[in-house]
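# Coordinate analysis (summary)
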Amino acid sequence: MQILRDKVKADKKLVVAANMDLTDAEGKAFWPIYDAYQKDLQAINERLAKTILQYADAYNKNALTDDQAKSLSNDALAADQDEITLRKTYATKLGPVLPAKKVARYLQIETKIRAAIRYEMATGIPLVQ
């Protein structure tokens, strides 16, 4: 699993690098911020994964209660909100080191990658019964 995570991270970084068209100076400023963002995002991803695993466990046991459903929904919504806050925070950090168009491009790239990942996750998660 760790090998898969490392591969996804490396592939993601290649996609970002190929699409950002950074100058050398921009790259020196951008990549440390990118790495910090990925580290912070990983913490949110781990929280979301824990929530999904808790749901899967209850679903597989056919034992999901209304209270659990409410708690898991709140946990998932909190992770979504924290991700939005994180994107805003890092967009602000990128503002001084990149032109606004490149900040916007990076946010688009991240959004597209996250959408693809979320789509894949959603196809494997059954609806609450």
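Throughout what follows, the structure given in this document is the object of discussion. What you see is a predicted model, and the numbers here were worked out from it, not measured in a lab.

Thresholds, definitions, all that
Residues numbered from 1 in each chain as written. Predicted model: local features only at pLDDT ≥ 70, side-chain atom pairs only at ≥ 80, totals over all residues. Heavy atoms only, no water. Helix = DSSP H or I, 4+ residues; strand = E, 2+ residues; numbered from the N terminus. Contact = heavy atoms within 4.5 Å. Areas by Shrake-Rupley, 256 points an atom, 1.4 Å probe, with all protein chains shown as cover. Lys, Arg positive; Asp, Glu negative; His and termini not counted. Charge placed at Lys NZ, Arg CZ, Asp CG, Glu CD. 1 Å grid on protein atoms, 1.4 Å probe; cavity = no way out; pocket = protein on both sides within 12 Å on 5 of 7 lines; lining within 4 Å. Points joined across faces, edges and corners; volume = space filled by probe spheres on them. Salt bridge = Lys/Arg side-chain N within 4 Å of Asp/Glu carboxyl O. Core = buried A, V, L, I, M, F, W, Y, C linked by side-chain atoms within 4.5 Å. Buried < 20%, exposed > 50% of the residue type's maximum accessible area, 1.4 Å probe, protein only. Axes fitted to C-alpha atoms, helices over the stretch in contact; angles between N-to-C directions. Parallel < 35°, antiparallel > 145°, perpendicular 65-115°, else oblique. Nonpolar A, V, L, I, M, F, W, Y, C, P; charged D, E, K, R; others polar.

Within the protein, the regular secondary structure consists of four helices and zero strands. The helix and strand sequence of the protein, counted from the amino end, reads α-α-α-α. Counting only C-alpha atoms, the protein reaches 55 × 30 × 20 Å along its principal axes. Partitioning the intrachain contacts of the protein with sequence separation of at least 6 by distance along the chain shows that 75% fall at a separation of at least 24. Accessible surface for the protein amounts to roughly 8800 Å². Of this, 59% is attributable to carbon and sulfur atoms. With 20 positive and 17 negative side-chain charges, the protein shows a separation of 4 Å between the mean positions of the two kinds.

This paragraph deals with empty space enclosed by the protein. Applying the stated criterion across every chain yields a total of one cavity of 30 Å³ or more. The computed volume of the largest cavity comes to approximately 40 Å³. Counting residues per element, the ones that place at least two in the lining of the largest cavity are α3 (66-94) and α4 (100-123). The leading source of residues in the lining of the largest cavity is α3, at four residues.

Our next topic: the pattern of salt bridges. Tallied over the full model, the rule gives nine salt bridges. With its nearest N and O atoms 2.6 Å apart, the salt bridge here joins K102 to E26. Highlighted residues: K102 in helix α4 and E26 in helix α2 (residues 24-60), separated in sequence by 76 residues. Between R118 and D80 there is a salt bridge, with its nearest N and O atoms 2.8 Å apart.

With that settled, consider the nonpolar core. Among the nonpolar cores identified, the biggest contains 20 residues, and V16, M20, F30, L94 and Y106 are the most heavily contacted of them. Examining the composition of this core, we find that eight residues originate from one element, α2, more than from any other. Not counting chain neighbours up to four residues away, the residues in contact with F30 comprise V16, M20, L22, L94, L98 and Y106.

Below, the discussion takes up the packing of α2 against α3. At a minimum axis distance of 10 Å, the contact between α2 and α3 shows a crossing angle of 175°. In terms of orientation, α2 lies roughly antiparallel with respect to α3. Tallied by class, the residues present in the contact of α2 with α3 amount to 16 nonpolar, three polar and seven charged.

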